[in-house]
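Spelled out from the first residue to the last, the chains are:
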Amino acid sequence: MLVILLAPVELRYEFVSSLIGLGKLSIVPCLPLPAATVFYRRVGEPLETAMKLEVNGQVREVDAPDEMPLLWVLRDLCGLTGVKYGCGMAQCGACTVHLDGRAVRSCMLPVASATGKKITTIEGLSPDGSHPIQKAWAEIDVVQCGYCQSGQIMSAAALLAEMPDPSDEEIDRAMAGNICRCGTYQRVREAIRRASSMRRAQR
Ligand code: FES
Ligand code: FES
């Protein structure tokens, strides 16, 4: 193991790629090169066909295999690092983005299934941080370390779009898949209530 850790980054990637190829790893660990690189090597041939995606209102062309998780396409190929990698298994919510307005876990979503749909990341939620959820988040000072927060905000925004005046139970149910290691749950709930009342006042 020590030899692997001390090996040059390129060799470490080759090693990880071989484990994936042998089916010994089902997720790609965080290493200091874009995860996309691992995927390219696993596939083993250069990619030729660009895929068109609509991200935050802009059409982007990405060179990615169909099965690459949307999370990596957004982070590594589009440079949208607001979306976070947490568990890689649709369990923590850190990677939440909107697909046609619905909250989805991008770590498990093959990029091919996002073509022809509107993808929204935290960077595209509003041009200037003026979405009621973003304003309420700042007002209540929800954030602690921040790692989970773009996922929390995207889930909360999708909830309010679907349900403008959610009860506490509905908030808890909708946000149950977003884990926060810092335990900001009470403030998250309070901020969603606050955003809901801001929207009511604007009507
Ligand atoms: S990284 Fe996607 S749910 Fe945890
Ligand atoms: S604010 Fe730190 S994990 Fe949620």
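The structure reproduced in this document is the subject of the present report. Here the structure is a predicted model, which means the values were calculated and not measured.

**Let's talk about the overall build of the protein**
Assigned secondary structure in the protein consists of eight helices and five strands. Helices (α) and strands (β) of the protein occur, in sequence order from the N terminus, as α-α-α-β-β-α-β-β-β-α-α-α-α. Of all 203 residues assigned to the protein, the portion counted as buried reaches 38%. Here the contacts in the protein between residues at least 6 apart in sequence split such that 59% fall between residues at least 24 apart.

**Points about helix H6 (residues 149-162)**
Given a rise of 1.5 Å per residue, 14 residues ought to cover 20 Å, and the 20 Å separating the end C-alpha atoms of H6 matches this to within 8%. With twelve of 14 residues buried, H6 is to be regarded as a mostly interior element. Regarding H6, the residues found buried are Gln149, Ser150, Gly151, Gln152, Ile153, Met154, Ser155, Ala156, Ala157, Ala158, Leu159 and Leu160. Taken together, the buried residues of H6 touch strand E3 (96-99), strand E4 (102-105), helix H5 (132-140), helix H7 (168-175) and helix H8 (185-202).

**Examining the sheet that holds strand E1 (residues 51-55)**
A sheet is described by the order of its strands in space; here five strands give the open sequence E2-E1-E5-E3-E4, paired in mixed fashion. With partners counted over all chains shown, the strands left at the sheet margins are strand E2 (58-62) and E4, one partner each. Within this sheet the neighbouring strands show an average axis-to-axis angle of 40 degrees, counted without direction. Against the sheet, H6 contacts E3 and E4, and its axis sits at roughly 35 degrees relative to E3.

**Let's talk about unusual backbone geometry**
Phi angles above zero are rare outside glycine, and Ala90 is one such case at about 60 degrees. As for its placement among the helices and strands, Ala90 is situated in the loop between helix H4 (70-77) and E3. Look at Asp141: it is not a glycine, yet its phi comes out positive at around 60 degrees. The topology assignment puts Asp141 in the loop between H5 and H6.

**Quick look at the environment of Leu109**
Its place among the elements puts Leu109 in the loop between E4 and strand E5 (118-120). For Leu109, a count of 20 C-beta atoms within 10 Å translates into the label buried. Separated by 41 residues in the primary sequence, Leu109 and Met68 have C-alpha atoms spaced 8.0 Å apart. Once you skip the residues sitting within four places of it in the chain, Leu109 turns out to touch Pro69, Leu70, Val104 and Ala114.

What counts, and where the lines are drawn
- Counting restarts for each chain, with residues numbered from 1 along the sequence as it is written.
- Think of it this way: whatever chain is written first is A, whatever ligand is written first is 1, and the rest follow in order.
- Since the coordinates come from a predicted model, pLDDT governs what is reported: local features require at least 70, and pairs of side-chain atoms require 80 or more to be given and counted, while whole-chain, interface and lining totals use all residues.
- Numbering of helices and strands runs from the N terminus; a helix is a DSSP stretch of H or I covering at least four residues, while a strand is a stretch of E covering at least two.
- Put simply, a residue is buried when 20 or more other C-beta atoms lie within 10 Å of its own C-beta and exposed when 12 or fewer do; between those, it is partly exposed, and each C-beta is set from the backbone.
- A pair of residues counts as a contact when their C-beta atoms, built from backbone coordinates, are within 7 Å of each other.
- To estimate how far a helix should extend, the number of its residues minus one is multiplied by 1.5 Å.
- At least two bridges found by DSSP between two strands is the condition for calling them paired.
- A fitted line through C-alpha atoms serves as each axis, taken over the contacting stretch for helices, and the angle formed by two N-to-C directions is quoted from 0 to 180°.

It is worth stressing that arrangement in space is one thing and function is another; only the former is reported here.
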